[in-house]
Structures are given as C-alpha cells and as structure tokens.
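# Chains, contacts and geometry: an overview
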Amino acid sequence: MSRDAIDKIAEETNFSGVVWIDRAGEIEFAKAYGLANRTYHIPNTVDTRFGIASGSKGFTALAVLSLVADGVLDLATTARSLLGTDLPLVADDVTVEHLLTHTSGIGDYLDEEADMEITDYLVGAVHKLTNTEAFLPLLDGHPTKFRAGKRFG
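What this report covers is the structure whose coordinates are included nearby. Per-chain numbering applies: the sequence of each chain, read as written, is numbered from 1 onward. This being a predicted model, a pLDDT of at least 70 is required before a residue's local features are given, and a value of 80 or more before pairs of side-chain atoms are given or counted; all residues contribute to the totals for chains, interfaces and linings. With hydrogens and water set aside, each side-chain value is computed from the structure's full complement of heavy atoms.

Secondary structure elements are taken from DSSP: a helix is a run of H or I of four residues or more, a strand is a run of E of two residues or more, and numbering for both begins at the N terminus. A tally of regular secondary structure across the protein chain gives six helices and four strands. Element order for the protein chain, N to C, with α for helix and β for strand: α-β-β-β-β-α-α-α-α-α. Out of the 153 residues in the protein chain, the part that is buried amounts to 19%. We call two residues contacting when some pair of their heavy atoms lies within 4.5 Å. Within the protein chain, contacts between residues separated by at least 24 positions form 40% of all contacts whose residues are at least 6 apart in sequence. Type-normalised accessible area, obtained with a 1.4 Å probe on protein chains alone, sets the label of each residue: buried when under 20%, exposed when over 50%, and partly exposed for intermediate values.

Written out as structure tokens, the structure reads:
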C-alpha cells in the first residue's frame, strides 16, 4: 500500500492515531493523524502514547497462546509457578487459562463491583504505568474475589 493510499484512508475515515510500518527493524512508514487531545487541539505525533487499556488483552492472549503452541507454556501452568514469591495474594491454583478467560478470581485495583468513583483509584495511578515493574504495586495487595474457575470477573 502506498503512502498516498494510507493518507487517503486516514482522511476518508477521519482516523486519529499513528500508522507505523516496521519491517525487520527498518521503518518503512511512520505518520501521525488526528488529535491526541481534542479539547486542546493537540495533534498526534509518531511518539504519542495512547492509553488503550483493555485493547491490549487480545495481543496478550495472542502472545500467550503462541507460547502454548510452542510448548513453552500450558494452559494448566499455574501463575504461582511463573510469579515465584511476587504477588502473594494470587491463589496457588490460578492457571494461565484462568487468567486468559478472566476466571482467576484475583483481586484488581480497578474493581468494577466496588461502590467507588472511578477517580478514587485511577487518577494518578495510570500515569505511572510506564514499564512492567510499575504494574506490580497496583496488582499487589488485593484479596481474592472468588475461587479460580468459579465465575467470570
């Protein structure tokens, strides 16, 4: 697909985001479209960081299932065998399958069932999630909500 074709599609669809094509470490195309902040009319740049939240779940599942297909992991692999002593409140019987199907019962810093305002636990916290290690304090210290495999949550 040509650069002009990408530009045309972006214009026709009112696309707001970044198109980045990287093949074997060579950037073939990188261009930003639309606004990063519509209120203040701040345009996207190729370096704009997008908060995609649950949009990454599919990519995570794909990566994990690729490891299962390669024999590196099994759906029955326990989270504890991977975590070691990290996150001690995650029950010993929670498996990779439980995590992928949202049936692990592990506690969550963003508890949709809690009677709280979203700003009570999100403001400030999500801005600190810049690398993998930054997630650990948010994940630690939340008691199990239900036994693994008993329900979706």
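Moving on from the coordinates now.
Moving on to unusual backbone geometry. The phi torsion at A24 lies on the positive side, around 55 degrees, for a residue other than glycine. Structurally, A24 can be placed in the loop between strand 1 (17–23) and strand 2 (26–33). According to the relative accessible area criterion, A24 is exposed, its value standing at 85%. For H102, which is not glycine, the phi dihedral falls at a positive 60 degrees. With respect to the helices, strands and loops of the structure, H102 is situated in the loop between helix 4 (96–100) and helix 5 (119–122).

With that settled, consider the environment of L99. By the secondary structure assignment, L99 is in helix 4. Spatially, the C-alpha atoms of L99 and G149 are 9.6 Å apart, while their sequence positions differ by 50 residues. Look past the residues within four positions of L99 in its chain and what remains in contact with it is A79, V94, S104 and I106.

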